[in-house]
Amino acid sequence: MAAPLRILVFGKQGSGKGTLATRLHQRLGLPHVSTGDMLRDAAASGSEFGRRVAAIMDAGELVPDDVMEGVVRERLEAPDAAAGFILDGYPRTPGQAAFLDDLLAPEGVTVAIELQVPDDVVRARIVHRRVCTSCGAIYAAGRDAAAESGVCDVCGGSVVQRADDTEEAVGARLATYASLTEPLLGYYSDRGLLERIPGEGDPDSIAEGAVDLVEARRS
Ligand code: AMP
């Protein structure tokens, strides 16, 4: 059996990492595992666990590493992830990176991709971002009709602003990315696993470039 293809997607909030991960999923047929989406689903369920993580997420803070370990282990050990996955939003701390290494040994991570976008660009994107609660399609207020009407063009679901897409939470999340997540990029770079790609521009071209990088690592 071929080695599993395990792709990590890094980028600040609003860098387009969710969009890139979705496109990679469509092109490569591997599951898109978004820890943010998994936590939002838990929050929406209204369970005690969901209420706990919702408070943390709304403040723009990180869910503790030990809590994330259970969530990630269960998802990555599911049968559909055996051939590989596109992991979006994890790891975000050195402790999470160490946990992931243990979980994925001996083959480990295939490639880590970072989408690079300046802070002022992501701030502007986030404040205007609207998402479909059913299919996850992303729109921009002031640009897309669906953001104004509140009705998704793709599935007819409702288009809303995420509870954590506020100015305050964006500031907290950018600070957390700089202090905790950016150092992780060095960790993957030192092991020859990091590919940095510019995150401004046409999402389809960005995704094509990323697929080429992944294919080059596979061979
Ligand atoms: P995201 O959709 O990736 O921007 O994640 C939204 C929020 O979910 C983050 O701001 C965190 O509160 C939480 N979250 C997602 N992934 C993680 C993670 N790996 N570790 C801790 N918290 C996370």
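Calculation rules
- Residues numbered from 1 in each chain as written.
- Predicted model: local features only at pLDDT ≥ 70, side-chain atom pairs only at ≥ 80, totals over all residues.
- Heavy atoms only, no water.
- Near = heavy atom within 4 Å.
- Polar contact = N/O pair within 3.5 Å; in protein donor to acceptor, adjacent residues only side chain to side chain.
- Areas by Shrake-Rupley, 256 points an atom, 1.4 Å probe, with all protein chains shown as cover.
- Axes fitted to C-alpha atoms, helices over the stretch in contact; angles between N-to-C directions.
- Helix = DSSP H or I, 4+ residues; strand = E, 2+ residues; numbered from the N terminus.
- Parallel < 35°, antiparallel > 145°, perpendicular 65-115°, else oblique.
- Left-handed = near helix turned anticlockwise from the far one by under 90°.
- Contact = heavy atoms within 4.5 Å.
- Nonpolar A, V, L, I, M, F, W, Y, C, P; charged D, E, K, R; others polar.
- Pairing = 2+ DSSP bridges.
- Expected span 1.5 Å × (residues − 1).
- Buried < 20%, exposed > 50% of the residue type's maximum accessible area, 1.4 Å probe, protein only.
- Arc of directions from axis to C-beta.

Engineer: I'm lost on the site of the ligand in this one. Help?
Structural biologist: By nearness alone, 17 residues border the ligand, and Thr 35, Glu 61, Gly 89, Gln 96 and Arg 173 come closest of all. A distance of 2.8 Å separates a nitrogen atom of the ligand from a polar side-chain atom of Thr 35. One nitrogen or oxygen atom from the main chain of Gly 89 is found 2.8 Å from a nitrogen atom belonging to the ligand. Calculation on the ligand without its partners gives an accessible area of 480 Å², and the protein chains cover 97% of this total.

Engineer: Can you help me understand the packing of helix α4 (residues 65-76) against helix α5 (residues 94-104) in this one?
Structural biologist: The relative placement of two packed helices is expressed as an angle between their axes plus a distance between the axes. Look at α4 against α5: their axes get within 11 Å of each other, and the N-to-C directions meet at 30°. Here α5 runs roughly parallel to α4, going by the angle between their axes. Crossing geometry of α4 relative to α5 is assigned as right-handed. Contacts between α4 and α5 pair Asp 65, Met 68, Glu 69, Val 72, Arg 73 and Leu 76 from the former with Gly 95, Gln 96, Phe 99, Leu 100 and Leu 103 from the latter. Residues of the contact of α4 with α5, tallied by class, amount to 6 nonpolar, 2 polar and 3 charged.

Engineer: Explanation requested: the sheet that holds strand β5 (residues 129-132) in the structure shown.
Structural biologist: Whether parallel or antiparallel, the strands of a sheet pair through hydrogen bonds between backbone atoms. Pairing in this open sheet of 3 strands is antiparallel, and the strands run β6-β5-β7 from one edge to the other. Two strands lie at the open edges of the sheet, namely β6 (138-140) and β7 (159-160), each paired on one side alone. Where β5 and β7 come together, 2 bridges link them in antiparallel fashion. Residue Cys 132 lies in a different strand from β7, and its bridge partner there is Val 159. Sheet strands in contact with helix α6 (residues 119-128) are β5 and β6, and its direction is about 50° off that of β5.

Engineer: I keep staring at α4 and nothing clicks. Help me out?
Structural biologist: The terminal C-alpha atoms of α4 lie 16 Å apart, and with 12 residues this matches the ideal 16 Å at 1.5 Å per residue to within 8%. Considered for burial, the residues of α4 that qualify are Val 67, Met 68, Val 71, Val 72 and Leu 76. Viewed along the axis of α4, the buried residues span an arc of 140°, placing them on a single side of the element. Of the residues in α4, the exposed ones pointing more than 90 degrees away from the buried face are Asp 66 and Glu 74. Buried positions along α4 lie against β2 (32-34), α2 (35-45), α3 (48-58), β3 (84-88) and α5.

Engineer: Looking at this model, I keep getting lost on the sheet that holds β2. Mind explaining?
Structural biologist: Taken in spatial order, the 5 strands make up an open sheet running β2-β3-β1-β4-β8, and their pairing is parallel. Two strands bound the open sheet, and with one partner strand each, they are β2 and β8 (194-198). Here the average twist between neighbouring strands, direction ignored, is 20°. Two strands pair when backbone bridges link them, and strand β4 (residues 111-116) and β8 are joined in this way by 5 bridges, in the parallel orientation.

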